[in-house]
Amino acid sequence: KVSKLRQQSIVPESPAEDTILRVQKEIDSPESVLKHLVFPYLDFKDVVKPVCKLWTGIAKCNMLWESLHLYNFGMPNTRFESPSTDYDWKMLFQTAFLAHCKVRGQTNMFGWKVRICPVLGCNKELRSKLECDTHLLKHKEAYCLNYIKQTQKKHRDQKRLSSKKKGVAEK
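Residues numbered from 1 in each chain as written. Predicted model: local features only at pLDDT ≥ 70, side-chain atom pairs only at ≥ 80, totals over all residues. Heavy atoms only, no water.

J.: Just give me the short version of the overall build of the protein, but keep the residues and values in it.
T.: Secondary structure summary: the protein contains eight helices and two strands in total. N-terminal to C-terminal, the α/β element order of the protein is α-α-α-α-α-α-α-β-β-α. Taking all 171 residues of the protein together, 27% fall into the buried category. Total accessible area computed for the protein in this model is approximately 12400 Å², and 56% of it derives from carbon and sulfur atoms. (Helix = DSSP H or I, 4+ residues; strand = E, 2+ residues; numbered from the N terminus. Buried < 20%, exposed > 50% of the residue type's maximum accessible area, 1.4 Å probe, protein only. Areas by Shrake-Rupley, 256 points an atom, 1.4 Å probe, with all protein chains shown as cover.)

Quick look at the structure:
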């Protein structure tokens with residue numbers, strides 16, 4: 001059956017369809033069948049159950065937890081992160097899930113639904129539009145300050161290198 005699926009190139013519509021297409025591996029081993037055809041349909045509580053060693057090993061896959069995070073919470077806001085950041089998606093999923101469970105159904109006195117900060121890894125409860133906007137501005141400010149520090153450090157390092165090169169050339 002697996003080879004027929006591969007030959008017909010039928011990919012089931014699932015929460016992790018983009019991950020399956022991105023990986024583009026042949027589905028010919030028990031690991032890939034579980035990872036690409038079974039786990040995307042399961043609730044995360046079923047994924048973490050220790051069924052067997054193979055199941056437990058695959059449940060540690062970072063890409064699986066990334067797809068579960070994207071499916072359950074949407075695309076995270078990563079514009080305030082450096083592009084080289086590697087994420088522990090399982091930990092991010094667990095903290096986001098707990099935060100969302102905590103605020104589920106809560107509203108403020110004006111009817112605004114309590115939300116969780118969309119910045120990846122933050123999970124702060126935002127109880128009003130004003131609080132949401134000011135909180136996101138704090139993220140932006142911290143990002144800008146960090147960017148300025150990195151830029152200044154690069155300029156200092158470049159000046160040091162150029163002064164060393166001049167000193168070596170003069171000798």
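J.: How would you explain the side chain of His139 if you had to name every residue and give the values?
T.: Tracing the sequence through the fold places His139 in helix H8 (residues 129-170). Side chain to side chain, His139 and His135 meet in a polar contact 3.0 Å long. (Polar contact = N/O pair within 3.5 Å; in protein donor to acceptor, adjacent residues only side chain to side chain.)

J.: So what about the nonpolar core? Which residues, and what values?
T.: The tendency in soluble globular proteins is for nonpolar side chains to be buried side by side. Formed by 16 residues in total, the largest nonpolar core has its most connected members in Phe39, Val47, Leu64, Trp65, Leu68 and Trp89. Of all the secondary-structure elements, those providing two or more residues to this core are helix H4 (44-47), helix H5 (53-58), helix H6 (62-73) and helix H7 (89-103). Ignoring any residue separated from it by four or fewer positions in sequence, one finds Phe39 in contact with Leu34, Val47, Trp55, Ile58, Ala59 and Leu64. Judged by nonpolar contacts, the second largest core, of six residues, contains Trp112, Cys117, Val119 and Cys132. (Core = buried A, V, L, I, M, F, W, Y, C linked by side-chain atoms within 4.5 Å. Contact = heavy atoms within 4.5 Å.)

J.: I'd like a rundown of the environment of Tyr41, residues and numbers included.
T.: Among the secondary structure elements, Tyr41 is positioned in the loop between helix H3 (30-38) and H4. Each C-alpha atom of the pair Tyr41 and Leu68 lies 9.8 Å from the other, and the pair is 27 residues apart in sequence.

J.: Summarise unusual backbone geometry; cite the residues concerned and give the values.
T.: Positive phi values are uncommon outside glycine, yet Asn123 reaches one of about 60°. Inspection of the secondary structure assignment puts Asn123 in the loop between strand S1 (115-116) and strand S2 (125-126).

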